[in-house]
Amino acid sequence: MHDIRALRADPAAFDAALARRGMAPASAEALRLDDLRVEATRIVQAAQTTRNELSRQIGAAMKAGDAATAERLKAEVKAAMDAAANADPDAQEKARDALLATLPNRLDPDVPEGADETANVVQHVHAEPAAFAFTPKQHFELGEALGMMDFATAGKLAGARFTVLKGALARLERALGQWMITLHTEEHGYTEATVPYLVNDATMYGTGQLPKFGEDLFRTTDGRWLIPTAEVPLTNFAAKELLAESDLPIRLTALTPCFRSEAGAAGRDTRGMLRQHQFAKVELVSITRPDQSAEEHERMTRCAERVLTELGLTWRRVLLSAGDTGFGAAKTYDLEVWLPGQQAWREISSCSNCRDFQARRMEARFRPGGGKGTEFVHTLNGSGVAVGRALIAVLETFQQEDGSIAVPDVLRPWMGGLARIAPRG
């Protein structure tokens, strides 16, 4: 959500911020709706003043037996109150906020200009892609040959974009999630939480999924929503809260299933596990003071990077351009992993600083120590990381010529000491 006072102070800057994202100006319409709210408020306040002033005159006229004057004054009061009822400043405020709720966050100044992912900037590459003495296969070829990745059964049970994992691959997926969340809690200082997988409208609105992205979500028959990421419930821990400055930063993590309709992904990544309706992810969320959020963004990204380094994967950090940065983010780093089977970089983590954009929607504030008043917190979120995509990267990176998979060293204690996943024999 945007601060209407800041918009009013510099509408040209607001429209320029939208233009960076390729969007049309919106300040004039937002200010028009806010002017209607201001005028409606003036009418209501004037009506209340008129009622208070004329009530005394009506009483005096009735006491004096001047019924005609009393009736005339009553008619004036009724006209004023009718005008107030029609003005309805709450409705005008809702109309203004409905427009503002559809407008994306303002980007940080250092976000590169550009219309799409072609303008993203690679900032760092970790490790060279592994050399293979054979032609590496894609994850779904490996998984099916192992007899442990079953798309046919998943299709029978649920339809397209679902996967059944069995045996050692099911255990490898579980190992990845458990190892990641243990790393983030024991070494990176995040507090683990279990959260609802179903949330209400207000919770989805608070982090920016509603109203804009409703078609990308799954909704239940009782009006709740399946979470697309644990960012949604974790960030909303701060909704409508007044936090103490000493409580900040708050760092939370959760390992949850995530549910996405992939409404805009028709025809994309239809084979394999890259784009699923249901997948597991370790999410990282931070709630900070405004002056902490830039450094917290770097810290969070380093936490996600460590996961990839410890797994022995080839990865790179990418600063997203203006046209590729998500709706609620002011600045985003994507971490991309090299997939030898695809011979391509694919996103495996996205770490974003939302600044006060979500906090305004959630009404999440803190009281500065020793200061007066309150301020909005800043919120950040990142994948630490997507479990399914980590599984894909491990399969393709550590595949052997015979089709077996070497288990990365850090995962072997979570796999009962298993060093190699081979076809069932």
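Per an unreviewed UniProt entry, the chain is named Serine--tRNA ligase, and its organism is Falsiroseomonas bella. Under Pathway (unreviewed entry), UniProt gives the following word-for-word description of the chain: "Aminoacyl-tRNA biosynthesis; selenocysteinyl-tRNA(Sec) biosynthesis; L-seryl-tRNA(Sec) from L-serine and tRNA(Sec): step 1/1."

J.: Pulling in residues and values, what's your account of the nonpolar core?
T.: The nonpolar side chains of soluble globular proteins are, as a tendency, buried together. If you look at the biggest cluster of nonpolar residues, it comprises 50 residues, and the most contacted ones within it are L169, L172, M180 and I421. Tallying contributions element by element places helix α8 (residues 167-186) first for this core, with 9 residues. Not counting the four nearest positions on each side in its chain, L169 is found in contact with G143, L146, M148, M149, L391, L395 and I421. Counting residues in hydrophobic clusters, the runner-up holds 17 residues, among them L243, A254, A359 and A364.

J.: Describe the domain arrangement of the chain, and please don't skip the residues or the numbers.
T.: Frequently, the measure chosen for interface size is the accessible area that the parts lose on association. Domains assigned within the chain are domain 1 (4-102) and domain 2 (117-421). One C-alpha centre belongs to domain 1, the other to domain 2; they are set 45 Å apart. Each partner contributes residues to the interface: domain 1 has 4 residues there, and domain 2 has 10 residues. Summed over both sides, the interface between domain 1 and domain 2 buries roughly 570 Å², with carbon and sulfur atoms accounting for 45% of that surface. On the surface where domain 1 and domain 2 come into contact, there are 0 salt bridges.

J.: Run through the side chain of S349, naming residues and quoting values.
T.: Secondary-structure assignment places S349 in strand β12 (residues 344-355). Its relative accessible area of 0% is what places S349 among the buried residues.

J.: Got a sec to walk through helix α4 (residues 67-87)? Specific residues and values, please.
T.: With 21 residues, α4 extends 30 Å from end C-alpha to end C-alpha; this agrees with the ideal 30 Å at 1.5 Å per step. For α4, the full list of buried residues reads A70, L73, V77, A80, A84 and A87. Here the buried residues of α4 occupy an arc of 110° about the axis, which is enough to place them on one side. What points out from α4, more than 90 degrees from its buried face, is the exposed set A67, A68, K78, A85 and N86. Contacts made by the buried residues of α4 are with α3 (27-63) and α5 (89-100). Immediately beyond the C-terminal end of α4, within one or two residues, lies D88, with a positive phi of roughly 50°.

J.: Residue-level account of the pattern of salt bridges, with values.
T.: The full count for this structure, using the stated rule, is 34 salt bridges. Through salt bridges with shared partners, a single network forms among R8, D34, D35, R37, E93, R96 and D97.

J.: Which residues make up the packing of α8 against helix α11 (residues 293-311), and what values do they have?
T.: Direction vectors running N to C along α8 and α11 enclose 130°, while the axes themselves pass 11 Å from each other. In terms of their interaxial angle, α8 and α11 are classed as oblique. As for the relative orientation of α8 and α11, their crossing is right-handed in sense. Residue-level contacts link L176, W179, M180, L183 and H184 of α8 to C303, R306, V307, E310 and L311 of α11. Class assignment for the residues of the contact of α8 with α11 results in 7 nonpolar, 1 polar and 2 charged.

J.: Would you mind going over the sheet that holds strand β4 (residues 191-192) in detail, with residue names and values included?
T.: With mixed pairing, 8 strands are arranged side by side in an open sheet as β1-β10-β11-β12-β15-β9-β8-β4. Two strands in the sheet have a free side with no partner beyond their single neighbour: β1 (121-126) and β4. Across 5 bridges, strand β10 (residues 315-319) lies against strand β11 (residues 331-339) in antiparallel orientation. Its bridge partner lying in β11, W315 is registered against V337. Sitting on the sheet, α11 touches β1, β8 (250-259), β9 (278-288), β10, β11, β12 and β15 (378-386), and the angle it makes with β15 is about 5°. Contacting β8, β9, β11, β12 and β15, helix α13 (residues 387-397) crosses the sheet at an angle of about 35° to β15.

J.: So what's going on with the environment of R361? Which residues, and what values?
T.: Positionally, R361 belongs in helix α12 (residues 357-362). Distance in space between the C-alpha atoms of R361 and A19 is 22 Å, their sequence separation being 342 residues. Setting aside chain neighbours within four positions, we find R361 in contact with M1, A101, Y205, G206, G208, L210, P211 and F327. At 2.7 Å, the side chain of R361 forms a polar contact with the backbone oxygen of Y205.

Criteria and thresholds
- Residues numbered from 1 in each chain as written.
- Predicted model: local features only at pLDDT ≥ 70, side-chain atom pairs only at ≥ 80, totals over all residues.
- Heavy atoms only, no water.
- UniProt positions renumbered as here; feature names shortened; annotations may be inferred.
- Core = buried A, V, L, I, M, F, W, Y, C linked by side-chain atoms within 4.5 Å.
- Buried < 20%, exposed > 50% of the residue type's maximum accessible area, 1.4 Å probe, protein only.
- Helix = DSSP H or I, 4+ residues; strand = E, 2+ residues; numbered from the N terminus.
- Contact = heavy atoms within 4.5 Å.
- Domains from an automatic or database assignment.
- Buried area = accessible area lost by both parts, 1.4 Å probe.
- Salt bridge = Lys/Arg side-chain N within 4 Å of Asp/Glu carboxyl O.
- Expected span 1.5 Å × (residues − 1).
- Arc of directions from axis to C-beta.
- Axes fitted to C-alpha atoms, helices over the stretch in contact; angles between N-to-C directions.
- Parallel < 35°, antiparallel > 145°, perpendicular 65-115°, else oblique.
- Left-handed = near helix turned anticlockwise from the far one by under 90°.
- Nonpolar A, V, L, I, M, F, W, Y, C, P; charged D, E, K, R; others polar.
- Pairing = 2+ DSSP bridges.
- Polar contact = N/O pair within 3.5 Å; in protein donor to acceptor, adjacent residues only side chain to side chain.

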